[in-house]
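So the chains spell out like this:
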Amino acid sequence: MTAEALVELSTVEWVVLAGAACLIGFAKTGVGGVAGVAVAAFATVLPAKESTAAILVLLIVGDVLAVALYRKHADWRLLVRLLPAVVPGLVLGAWFVHVVDQAVMRRSIAVILLVMVALQLWTSRRRHEAASAAEAASAAEAASAAEPAAVSGTEPASTDGTTPATANGETSTPASGGTSAEAHGRAAWRQRVEAAVVGTVAGFATMTANAAGPVMTLYLLLSGRTVMQLLGTGAWYFLLVNVTKVPFSAGLGLFSADALLMDLLLVPALLAGAAVGSLVARRISLRLFGDVTLVLTSVSAVLLLL
């Protein structure tokens, strides 16, 4: 991006970029899904390749804010599993950015955003199904507890410390140590494989389109983390990954002094979005906001394909 290009940006384009910077701040402190809209907005106004580096600087600023707010809630054991797997994805993404032209890059960003939308829709469906199952199980448990023991036919729990008998007269015993060890080993292996796949996909998506958010959100949700753990782990993860991306983007020649100046001018809009995000996230319906975000991201991606 040259100084002439920076000067030639129209008022409407500056407004679009400022709005995108505001959304980045909002995404980092509130609802992460809106970041996809910001990515599409930057790729619409700026050359597709250079837009990834320009928005990267603002993402790092937002990451610093998120870490300041949620740093105490990070799950570092999970981060240690995920971060090494990001490097192959970053290398593959850097190679892809290097070999494709601007038109292909623009369409690639659009396709990745649409894939992330589909992934987010699937995640929302899984969360809804899990919530429904939890409600059904809670209702069944409450109904069972309300029935008298005599009616239910269950035996009272032993009070002398012995193991209660099962229905066929046998006593229940814990699983053998070998079986438990094998199950633990399989679970650990599955976690390593999942971390490798998620890390690589996230690395490629973030290097090519700054769009790893839905992948990480899906992984953290399915791993059973709390909301605060999700925010804290995600804040540290994206800060470390985005800082790691800087040498790759610099090596590809995507940074320029003028683009950095543009980012500096957009920081106030980002801070305003971060302030709003920290307030609104506690009050707005996340489901409603998520639906709006999906629509906006889809429209933005489609516009990039035109």
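Here the structure is a predicted model, which is why all the values come from computation and not from measurement.

1. Let's talk about the confidence of the model for the chain
Right, on to step 1. Put simply, the chain has an average pLDDT of 77, and 73% of its residues get 70 or more.
Right, on to step 2. Contacts from residues 155-176, a stretch scored under 50 in pLDDT, to residues over four places away or in other chains number seven contacts.

2. What about the pattern of salt bridges?
Right, on to step 1. For the structure shown, the criterion picks out one salt bridge.
Right, on to step 2. Here D63 ties to K28 by a salt bridge, and the two come within 2.6 Å at their closest N and O atoms. With D63 in helix α4 (residues 48-70) and K28 in helix α2 (residues 11-29), the pair connects residues that are 35 residues apart, well separated along the chain. Judged on exposure class, the residue D63 and its partner K28 are both buried.

3. A word on the packing of α2 against helix α3 (residues 35-45)
Right, on to step 1. Taken N-terminus to C-terminus, the directions of α2 and α3 make an angle of 155°; their axes are 8 Å apart at the nearest point. Judged on the interaxial angle alone, α3 and α2 are roughly antiparallel. Both α2 and α3 take part in a crossing whose hand is left-handed. Judged by residue contacts, E13, V16, L17, A20, A21, L23, I24 and A27 of α2 engage A35, V37, A38, A41, F42 and V45 from α3.
Right, on to step 2. By residue class, the composition of the contact of α2 with α3 is 13 nonpolar, no polar and one charged.

4. Structural notes on a nonpolar patch on the surface
Right, on to step 1. A contiguous nonpolar patch, built from W189, V193, V197 and V201 and spanning about 370 Å² of accessible area, is present on the exposed surface.
Right, on to step 2. Positionally, V193 belongs in helix α8 (residues 177-209).
Right, on to step 3. With relative accessibility at 35%, the residue V193 sits in the partly exposed group.

5. So, the UniProt feature "transmembrane region" (unreviewed entry) in the chain
Right, on to step 1. The sites that carry the UniProt feature "transmembrane region" (unreviewed entry) are, in the present numbering, residues 12-45, 51-71, 78-98, 104-122, 217-239, 259-281 and 288-305.
Right, on to step 2. Here residues 51-71 runs as 95% helix and 0% strand, with 28 Å between its end C-alpha atoms.
Right, on to step 3. Between the first and last C-alpha atoms of residues 78-98 the distance is 31 Å; the span itself is 100% helix and 0% strand.

6. Quick look at the packing of α3 against α4
Right, on to step 1. Viewed as axis vectors pointing N to C, α3 and α4 meet at an angle of 135°, and their least axial separation amounts to 9 Å. Classified by the angle their axes make, α3 and α4 are oblique. By crossing handedness, the relation of α3 to α4 is classed as right-handed. Residues A38, V39, F42 and A43 of α3 pack against S51, A54, I55 and L58 of α4.
Right, on to step 2. Its residues assigned to classes, the contact of α3 with α4 shows seven nonpolar, one polar and no charged.

Cut-offs applied
Residues numbered from 1 in each chain as written. Predicted model: local features only at pLDDT ≥ 70, side-chain atom pairs only at ≥ 80, totals over all residues. Heavy atoms only, no water. pLDDT = per-residue confidence, 0-100. Contact = heavy atoms within 4.5 Å. Salt bridge = Lys/Arg side-chain N within 4 Å of Asp/Glu carboxyl O. Helix = DSSP H or I, 4+ residues; strand = E, 2+ residues; numbered from the N terminus. Buried < 20%, exposed > 50% of the residue type's maximum accessible area, 1.4 Å probe, protein only. Axes fitted to C-alpha atoms, helices over the stretch in contact; angles between N-to-C directions. Parallel < 35°, antiparallel > 145°, perpendicular 65-115°, else oblique. Left-handed = near helix turned anticlockwise from the far one by under 90°. Nonpolar A, V, L, I, M, F, W, Y, C, P; charged D, E, K, R; others polar. Patch = residues over 30% accessible without salt bridge, like charges linked within 9 Å, V, L, I, M, F, W, Y side chains within 5 Å. Areas by Shrake-Rupley, 256 points an atom, 1.4 Å probe, with all protein chains shown as cover. UniProt positions renumbered as here; feature names shortened; annotations may be inferred.

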